[in-house]
Protein chains: 4
Amino acid sequence: MEILKNYINGSWVESKSTSSADVVNPANQEIIAKVPVGKSTGQDMALAIEHAHKAYEDWKNVPTMKRVQPLFSLKKLLEDHKEEIAVLITNECGKTFAESLGEVQRAIENVEVACGAYVMGQSEFSENIATGIDEFMIRQPLGVCGCITPFNFPGMIPFWFLPYAIATGNAFVIKPSEKVPMTMQYVFELIDKNLDLPKGLLSLVHGGKDAVDAMLQDSKVKAISFVGSTPIAKYIYSEGAKYGKRVQAQGGAKNPVVIMPDADVEMTTRIITDSVYGCAGQRCLAASVIIPTGDDKGVFKEALVEAAKLRTTGYGMDAGTEMGPVITPESKTRIEGLIQKGIDEGGNLLLDGRNTTISGYEKGNFVRPTILEGLPLNGDLMGTEIFGPVMSLVNFKKLEETIDFINKGKYGNMACIFTRDGLAARTFRNRVMAGNVGINIGVAAPVAQFPFSGWKDSFFGDLHGQGRHAIEFFTQTKVVIERWPRNWSRKF
Amino acid sequence: MEILKNYINGSWVESKSTSSADVVNPANQEIIAKVPVGKSTGQDMALAIEHAHKAYEDWKNVPTMKRVQPLFSLKKLLEDHKEEIAVLITNECGKTFAESLGEVQRAIENVEVACGAYVMGQSEFSENIATGIDEFMIRQPLGVCGCITPFNFPGMIPFWFLPYAIATGNAFVIKPSEKVPMTMQYVFELIDKNLDLPKGLLSLVHGGKDAVDAMLQDSKVKAISFVGSTPIAKYIYSEGAKYGKRVQAQGGAKNPVVIMPDADVEMTTRIITDSVYGCAGQRCLAASVIIPTGDDKGVFKEALVEAAKLRTTGYGMDAGTEMGPVITPESKTRIEGLIQKGIDEGGNLLLDGRNTTISGYEKGNFVRPTILEGLPLNGDLMGTEIFGPVMSLVNFKKLEETIDFINKGKYGNMACIFTRDGLAARTFRNRVMAGNVGINIGVAAPVAQFPFSGWKDSFFGDLHGQGRHAIEFFTQTKVVIERWPRNWSRKF
Amino acid sequence: MEILKNYINGSWVESKSTSSADVVNPANQEIIAKVPVGKSTGQDMALAIEHAHKAYEDWKNVPTMKRVQPLFSLKKLLEDHKEEIAVLITNECGKTFAESLGEVQRAIENVEVACGAYVMGQSEFSENIATGIDEFMIRQPLGVCGCITPFNFPGMIPFWFLPYAIATGNAFVIKPSEKVPMTMQYVFELIDKNLDLPKGLLSLVHGGKDAVDAMLQDSKVKAISFVGSTPIAKYIYSEGAKYGKRVQAQGGAKNPVVIMPDADVEMTTRIITDSVYGCAGQRCLAASVIIPTGDDKGVFKEALVEAAKLRTTGYGMDAGTEMGPVITPESKTRIEGLIQKGIDEGGNLLLDGRNTTISGYEKGNFVRPTILEGLPLNGDLMGTEIFGPVMSLVNFKKLEETIDFINKGKYGNMACIFTRDGLAARTFRNRVMAGNVGINIGVAAPVAQFPFSGWKDSFFGDLHGQGRHAIEFFTQTKVVIERWPRNWSRKF
Amino acid sequence: MEILKNYINGSWVESKSTSSADVVNPANQEIIAKVPVGKSTGQDMALAIEHAHKAYEDWKNVPTMKRVQPLFSLKKLLEDHKEEIAVLITNECGKTFAESLGEVQRAIENVEVACGAYVMGQSEFSENIATGIDEFMIRQPLGVCGCITPFNFPGMIPFWFLPYAIATGNAFVIKPSEKVPMTMQYVFELIDKNLDLPKGLLSLVHGGKDAVDAMLQDSKVKAISFVGSTPIAKYIYSEGAKYGKRVQAQGGAKNPVVIMPDADVEMTTRIITDSVYGCAGQRCLAASVIIPTGDDKGVFKEALVEAAKLRTTGYGMDAGTEMGPVITPESKTRIEGLIQKGIDEGGNLLLDGRNTTISGYEKGNFVRPTILEGLPLNGDLMGTEIFGPVMSLVNFKKLEETIDFINKGKYGNMACIFTRDGLAARTFRNRVMAGNVGINIGVAAPVAQFPFSGWKDSFFGDLHGQGRHAIEFFTQTKVVIERWPRNWSRKF
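Definitions and cut-offs
Residues numbered from 1 in each chain as written. Chains lettered and ligands numbered in written order. Predicted model: local features only at pLDDT ≥ 70, side-chain atom pairs only at ≥ 80, totals over all residues. Contact = placed C-beta atoms within 7 Å. Helix = DSSP H or I, 4+ residues; strand = E, 2+ residues; numbered from the N terminus. Least-squares fit on C-alpha atoms with pLDDT ≥ 70 in both. Nonpolar A, V, L, I, M, F, W, Y, C, P; charged D, E, K, R; others polar. Pairing = 2+ DSSP bridges. Domains from an automatic or database assignment.

Draft legend 1. Local environment of the interface of chain D and chain A. Taken residue by residue, the interface counts 26 residues in chain D and 26 residues in chain A. Sorting the residues of the side of chain D that touches chain A by element identifies helix H3 (69-80), helix H6 (117-120) and helix H15 (422-431) of chain D as the ones contributing at least two each. Looking at which element gives the most residues to the side of chain D that touches chain A, the answer is H15 of chain D, with 5 residues.

Here it is, written out as structure tokens:
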């Protein structure tokens, strides 16, 4: 099996590295590719950046109206190959085919929004700020920008950045997770064959920490977009800052969902179950702590346990599968360990998804839906991101208490409430300290024209991915003050 | 002489520190105050932040329309006390009274713009992003925000941030330069006596690095605005990032001004002389490298030398003074050393402002206008910010060469051109890598509704001070996705 | 008693007309002033416009930052004289002193928002729409603009337009209702004495239809803002269009308020009663048709009748007065006639406010709170704006039916709903055809940064009063496409 | 030859009218189609509107993200059929094939911009305008909107409106000029076959004044966009207003172009010649009055006459043709009459394009390039739109005089200046009273993200076509004020 090539300067190029890591289908441990890793991937990165910088030098002068034309084509390209991409996603990251299709759709929507870059990128003009003086702003590209993306949304997350970066005149380098390199590999094959982009404008470089550090330290890279766990997000943010770059770094989460007594049992249960167990809980917007609030009769608990039990776990490409495996055996071990830790901390295991074996996929990293209740509120596990199909149940009497509890958490990615009451919803969205808030929504992922707004330890930086924020992040403002004094031209 | 107090929780409080530094009038070395410094100022900072955080907890819930009311009063207050403030500025930082008045005016303009926070702070609403689902964004305050400001604009720079920070619902802490604490001291006295603000909302904490580090490390501080030299800006940016904060850090500059052959000699000379020698060159937008471009006959050189010679240097409060002293004796020594370095590197000293004594102000840190030409383009001094009244003259034949030379520099704060030619101006503003660009302007300081846009090593971060950028910097976005499913409420 | 003068070209000038109408206190028929009317007021208008045009010719060149300075002063001026203005409002238009104070506050808020005109008036800049070509937009003033305002908000409605018009560089002429000229007369005295405005920039011209027609037909007037009844709004809109002007014309209303079964009886009753009877029902946002929806037990009806009965009617300056008189005896007669018509059409009179006499104010045009129910849904009265303190009660079983009923009406000024249910509220605001929608709000008047958005026969035009809409209405866009071809300037 | 059908309710339908007019190729008088006209076309219009209204009732509820999907397809459709459309344009309206291709490109760009409707259509949200009260705005569609378009840009002008109208949720009816119905006929065939749009959403109704009046008078039509001559624009504007609609009506022009002495002779001449004679002068942005300004040596006059002489006139599909015929024989007669009138008024005919016969196209309505100079500045012809290939030459000594002369004109569509001088350009764009201004541009047509901004008698209304203005024009604002009082929901 050959080692995956990098896409640099418009061509597929072998890595300088001869070390590689396996890319493995998490449903069956089948090795589906080998991806370069190791020290020399830093050289790959440097080479990609060098060519990217050259591409930028021309691309920055291309009118935005022309720069968005490839995005119109890219939208169609992704639509036309939606299923092929989704198969790759399922096979390398484990989620179900339906989830993979949904993921690609979100990528497409970001491309659509970025097609509007020449409206969104307009800046401000003020005539006559003082007599005879005009002042205006221009948005110009930064140079080479890059993203470092996680394993859980290989087909979507790069598109929170890529289309905006190039629409605004930058060159862009993607370093995908070495666990899931195939999706972008295929997307770049499509781009290579179908789009007429300047060489070096888009690059794909594989690797792990070495490639990341090379990107962080390269002075030609002006901006880095990162999505991953909080510790790495912090590392990227502070290292990027050390090298003077602008950085947006999205970290982990522990997402609470509040159920008010007036919520409809059936629908709430269905939506929350989807949120907790969708993508096997490996979403930064997965619901994780479920909080029936008020004089709870246990009805929601019962319904949630019942629904979780019924969830079909298996290979994501099989019809009927509702939940796939987690990404690696190590991940499975970690999740099962955390479940045990929950029990050890005094939690009550209502549903145990450990030691799961799926017939036909005996080697798969499967963890079945799990539910814990009664965890100590200040315990370790309550503050730990599990990133697996584990629901924790907590109760409070009053909404205000619930919000106070949520706001004590260190993360702030998502918070949702289920209610039909306008006041409860408004109180919640006003007070809760999270950047993506759902009212009767299970996965509060902003559509592409809104910023994906983590708060607290879920995000480091100020401008987020998607929409106008992305346009701002990928451009620097130039303010021009202009005067044409009379004395300069007396003759007219 | 008593040590200056801090303004914490709505009262004047003695510093925990018993060490102090002298505040000195740079025109005569008169000690005008003593300012606390040393380790314990970190405790002062911590106390101020603690109270600020409490103030924020209430203030964040006050409607913006009410939060801007004190700003309307503040505008009037600053207007009514413009002269008193300007006297303080001149006496502690040395610039002329006229320059000080101009500085206060810019502060006022920022307050005016921030009065519009309830329009500027509006966010986006999209009905029906999917059937029955609405999505919208809210801008909410961050918490405690702080600024660390330099000696050269004690009356203006805090206002690039303060009015926007509080208008958007934050509490704000100012750590002014320990060299020029009197201006903000007086402004805070005015605020204390005249404005009806919640206790703790605005704080003034004196000190040096200890106070700064306390601000950087305090987890209640969510955002830091810094203006100063590039090395410190880098420190603040990376330290702030290490502690997970958002940071905007403005650094040094080496600002080029291009003169095209068609520029009017008299007016160009007058404006450039003002830019180079205004505030004794201690402005981050001071012109520094003057570049007559084209088939130069030396006419601009002659005129610039002549104009520089005639500049009246002296105590800023004396009538007729056109240039005051530099901030400290150390600064004078440093500047004179850099002039010598220029000569040593091969520069030709056309005008020598060293060893200046002003009668009646013999102890003042005066440096007279200085002009160097023929410095090596790649020499050390050409890349060094002098921050004193020193002009370097450089020539190129073609505008493109000039721009290339400018773009090789490490700073990108300002770049100006003098010409009557539309094409030259457009080429320049399109290509030059600087965030504040002047066309026939000597000091391209953006008015308050535009961001103060440094590039390269002149700025670290993405959102700048002033205007909408400030509104964005001081708020975090919360995206709400809202659905009210039919099943929840069947009865109507 | 002298006839009121006009304010033209910065001076108080006698009308050309010798005819006059009485300005009468509606609480006691006391004549408080005489206002010029008749043919020759058209000449007054022409004179004012002529001088306004001259003022505009200079004012348009004044930087916006300077043009808003008088607005900052005006805000303070109105605040300092709030009570005096409110007394005048009460005495000439009848509403209570508290209502008058509230009205002035809304005027002040519009002045505040217009202070932000130099941010709101920024337009768009696009660099490099094609290689080397930039395109941008400028907003420039129109010229002379005017407003024609109704009797019911003499202190507020002119300020929906005036501050925006002058901030953007226009001259402005006000033609107040001849029934309530005193409020603006006083405001103009304040302006004349305290603000430093160019002569002719603001004019006040009294009169009736003759003055209006002169404004409509004068080619120097470029834009007209009107608020009044629908038939006159239509006349202004089509006449203005005939003369090529831009027009925004706000007309009448018949505002429905829906009560869902889950609404709190006490609070709903209190708020609706305020909305129906506040300003004696003479508000374009007065609630008029109250629609308890669902399986109504009559609880709201009872509570509403009870609350209406208790409402204290009398002279607006007397302590405890909750409702003042209607504007004229003719108005009283008209309202009482419409009540009778309601009875004749089959309505059931639950509360009869006719034939009211208030002790001490026997000549006042008082009508006490009136409630009709059972009016035929397609009857005449149901579609007629009463503009008096008359509530009509209607019932439907389902919200959808209620909305359909509302949407059949010809007006679309306001529609409100009282509920705690998020779905009911969302369905209502999504579907109801009205431009100002309240959720648990009695008088859904947009704050000054939002447009006052009537729909259907309640508004003719596209850009409304207040906020950004006003900025757009009072400016015309100029798009500049700029290129500086290389061939023009070979020498650099 | 069959009479063209209308496209109503998603099908091709025969007109109710049996009268028809010929559609004629202006290059050879060949009849290429018959278009229904006469009284009964009003019934066609009514039918189309009725079905359009039904389509709107559903379409308004479709999320914008879905409503723009057909626009993405439409972009590709127009690109794929660009040449076929261009052939039709050339054959029915006479312009050259290259001009026709350029026209279609502009149509495509408007479709692209409208694809961004879900960003551009976002409205404003303000949390907590008062404690616990939120206020926000929604943009909702109007209903049925229509456009009435002229003969000179059959492929572009409908697209200034159509894509924005449907993206924002309206149904749209086009009434093209009866002289050039084939282009839209073909575009609708493409749409019918390729796009999956709801029936009735887009309609094409042929006819003349009867169809127009039916559209004006139909109460279901809420907005009309018109482009044509000023007298008809006035009619549409005032008639539309009479029926309470919003109207944007673009009229005629008499576009001045100023040449400063420093302009490059060759390039200026080439660009101006293209502007004057392109589309045979039948453009609302055709340069018409050319004004060399300053101490003119006649060099521009000579060069312009020379360039005009060399212009190849002929059938637009023939290779090498630089100018096609004018639209009708009547138009040719009118233009030639106006040239004679110019002579009669004292003008000097420098180049006479009358009595032109093109070999092989003897019946074509050809007028060759014509140049008049010395027309009286206040004469009739100087104020008359010729709409043919006729240049008038005027001279002034100073730019200020030139601007004063231009500003006296009744039109304000376009004004251009050729210069390399920044001050001249700035003075011109600041002072000239025209909505589309070119600096070294011959045809200052705003790109699609900017409004096509006529002033004075060139435009009636306030919101223009294209970009954000179109989004605003085709939506009405709904302001929602929302409160959820505590009392409503005590139990949580």
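Draft legend 2. Main features of the relation of the copies chain D and chain A. For the match of chain D to chain A, the screw axis carries a shift of 0.0 Å, the RMSD comes to 0.0 Å, and the turn is 180°. Overall, the copies show the geometry of a two-fold rotation axis. Residue Gly 116 of chain D, judged by its C-alpha, is the member of chain D lying nearest the rotation axis, at 2.5 Å. The residues that chain D uses at the interface reappear at the interface of chain A in 100% of cases, marking a shared surface.

Draft legend 3. Just the interface of chain D and chain C, in detail. Taken together, the contact pairs 50 residues of chain D with 50 residues of chain C. Contributions of two or more residues to the side of chain D that touches chain C are made by strand E5 (123-130), strand E6 (133-141), helix H10 (230-242), strand E19 (436-439) and strand E22 (475-483) of chain D. Of the residues in the side of chain D that touches chain C, the class split is 24 nonpolar, 15 polar and 11 charged. As paired elements, strand E22 (residues 475-483) of chain C and E19 of chain D share 4 bridges and run parallel to each other. Directly across from Glu 482 of chain C, in E19 of chain D, lies its bridge partner Ile 439 of chain D.

Draft legend 4. A look at the domain arrangement of chain A. Residue and element names in this part refer to chain A. Assigned domains of chain A: these are domain 1 (6-251 + 458-480) and domain 2 (255-439). A separation of 31 Å is found between the C-alpha centroids of domain 1 and domain 2. Listed per partner, the contact involves 18 residues of domain 1 and 24 residues of domain 2. If you list the elements that add at least two residues to the side of domain 1 that touches domain 2, you get helix H4 (82-93) and helix H5 (97-114). With 3 residues, the single largest contributor to the side of domain 1 that touches domain 2 is H4. Here the residues of the side of domain 1 that touches domain 2 sort into 7 nonpolar, 8 polar and 3 charged.

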